[in-house]
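Chain residues, written in single-letter form:
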Amino acid sequence: DVLQQQSTAFPSTTPRQDAAIAVVGILVVVVAAHFLFQAVGVVVRQTGLEGSLIGVTVLGIGAASPEMTTAIVGLREGAEGLSLGTLIGSNITNPLLGIGLGSVLSTYLVPTPLVYWDLPMETVTAAILLSYLLTKDDLGAALAGVAGRVGLERAEAQLSTVRERHLGRLGAVLLIGLYLVYLVVRIVSFPEDF
């Protein structure tokens, strides 16, 4: 089964070098983040756009890039579990640990759009994804039956092979579409922080 394949890569023969590269990479990210936040501060002041709007759009994509890159490399290397674990783990760690540590360092007010749109949308999309993955084979079997009754044999064959937990192109399009809906509603309906 494709979902159960593990990566056939061998352990590194240079762990110290790998650790040094990882430390340098982390330092580069920290320094780059410093300059990025300075640049974003200038953009916020000069454009009048709200900080949380820039944060969830531009910085959100920038902050997610390392996880997306790791996930893509993991998929190419055949380590699907590592890839998905990175994405899911970061989506649990980032809001909980980020907001928690931010509160320890500063008693900031959470902007209204984050409370009324961003966090609920994150919860709803996670529930949609979970529901989709848990019921996908049942939906495929039901739709295959309908396709068979109306004489669409090719569609029936494709739908009957749908497997639970396999996202597929339709699921990918659904997730990307949900992101675009989130972004448009956020920009149009919640342009101000408070």
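The text that follows walks through the structure, step by step, so that each part is easy to find.

Criteria and thresholds
Residues numbered from 1 in each chain as written. Predicted model: local features only at pLDDT ≥ 70, side-chain atom pairs only at ≥ 80, totals over all residues. Heavy atoms only, no water. Helix = DSSP H or I, 4+ residues; strand = E, 2+ residues; numbered from the N terminus. Rg over C-alpha atoms; globule rule 2.2 N^0.38 Å. Buried < 20%, exposed > 50% of the residue type's maximum accessible area, 1.4 Å probe, protein only. Contact = heavy atoms within 4.5 Å. Lys, Arg positive; Asp, Glu negative; His and termini not counted. Charge placed at Lys NZ, Arg CZ, Asp CG, Glu CD. Salt bridge = Lys/Arg side-chain N within 4 Å of Asp/Glu carboxyl O. Phe/Tyr/Trp six-rings, centres within 6.5 Å; stacked < 30°, edge-to-face > 60°. Axes fitted to C-alpha atoms, helices over the stretch in contact; angles between N-to-C directions. Parallel < 35°, antiparallel > 145°, perpendicular 65-115°, else oblique. Nonpolar A, V, L, I, M, F, W, Y, C, P; charged D, E, K, R; others polar.

Okay, the overall build of the protein chain next. When helices and strands are counted, the protein chain shows six helices and zero strands. Relative to the globule expectation of 16 Å for 194 residues, the C-alpha radius of gyration of the protein chain, 21 Å, shows a markedly less compact shape. Looking at the protein chain as a whole, 18% of its 194 residues qualify as buried. Expressed as a percentage of contacts within the protein chain between residues at least 6 apart in sequence, the contacts between residues at least 24 apart total 66%. On the protein chain, the mean spot of the 10 positive side-chain charges and the mean spot of the 15 negative ones are 6 Å from each other.

Moving on to the pattern of salt bridges. On inspection of all chains with the given rule, the structure shows one salt bridge. When the shortest N-O distance is used, the salt bridge between Arg-186 and Asp-118 registers 3.1 Å. With Arg-186 in helix H6 (residues 168–189) and Asp-118 in helix H4 (residues 112–149), the pair connects residues that are 68 residues apart, well separated along the chain. The class of Arg-186 is buried, set by a relative accessible area of 0%. A relative accessible area of 8% means that Asp-118 is categorised as buried.

Once that is clear, we can look at the packing of aromatic side chains. On inspection of all chains with the given rule, the structure shows three aromatic pairs. Seen in terms of ring centroids, Trp-117 and Phe-190 are 6.1 Å apart; in terms of plane orientation they differ by 20 degrees. Their pairing is stacked. Of this pair, Trp-117 sits in helix H4 while Phe-190 sits in the segment after H6, placing them 73 residues apart in sequence. Ring centres of Tyr-179 and Tyr-182 lie 6.2 Å apart, and the angle between their planes is 40 degrees; on these two criteria the pair is classed as tilted. A residue pair is termed a helical-turn pair when its members lie 3 or 4 positions apart in one helix, as Tyr-179 and Tyr-182 do in helix H6 at three residues. Overall, the relative accessible area of 33% leaves Tyr-179 in the partly exposed class. Of the residues examined, Tyr-182 reaches a relative accessible area of 11% and is grouped as buried. Ring pairing ties together the aromatic residues Trp-117, Tyr-179, Tyr-182 and Phe-190, which thus form one cluster.

So, on to the packing of H4 against H6. In a packed pair of helices, the relevant descriptors are the angle between the two axes and the axis-to-axis distance. Following both chains from N to C, one finds H4 and H6 inclined at 170 degrees, their axes separated by 11 Å at the closest point. Classed by the angle they form, the pair H4 and H6 counts as roughly antiparallel. Residues Pro-113, Leu-114, Trp-117, Asp-118, Met-121, Thr-125, Ile-128, Leu-129, Tyr-132 and Lys-136 of H4 form the contact with H6, whose own contacting residues are Gly-168, Leu-170, Gly-171, Leu-174, Leu-175, Leu-178, Val-181, Tyr-182, Val-185 and Arg-186. Of the residues contributing to the contact of H4 with H6, the split by class is 14 nonpolar, three polar and three charged.

It is worth spelling out the environment of Gly-89 at this point. For Gly-89, the location among the structural elements is in helix H3 (residues 80–105). Take Gly-89: its relative accessible area is 26%, and that puts it in the partly exposed class. Linking Gly-89 and Glu-67, residues 22 residues apart in sequence, is a C-alpha distance of 9.5 Å.

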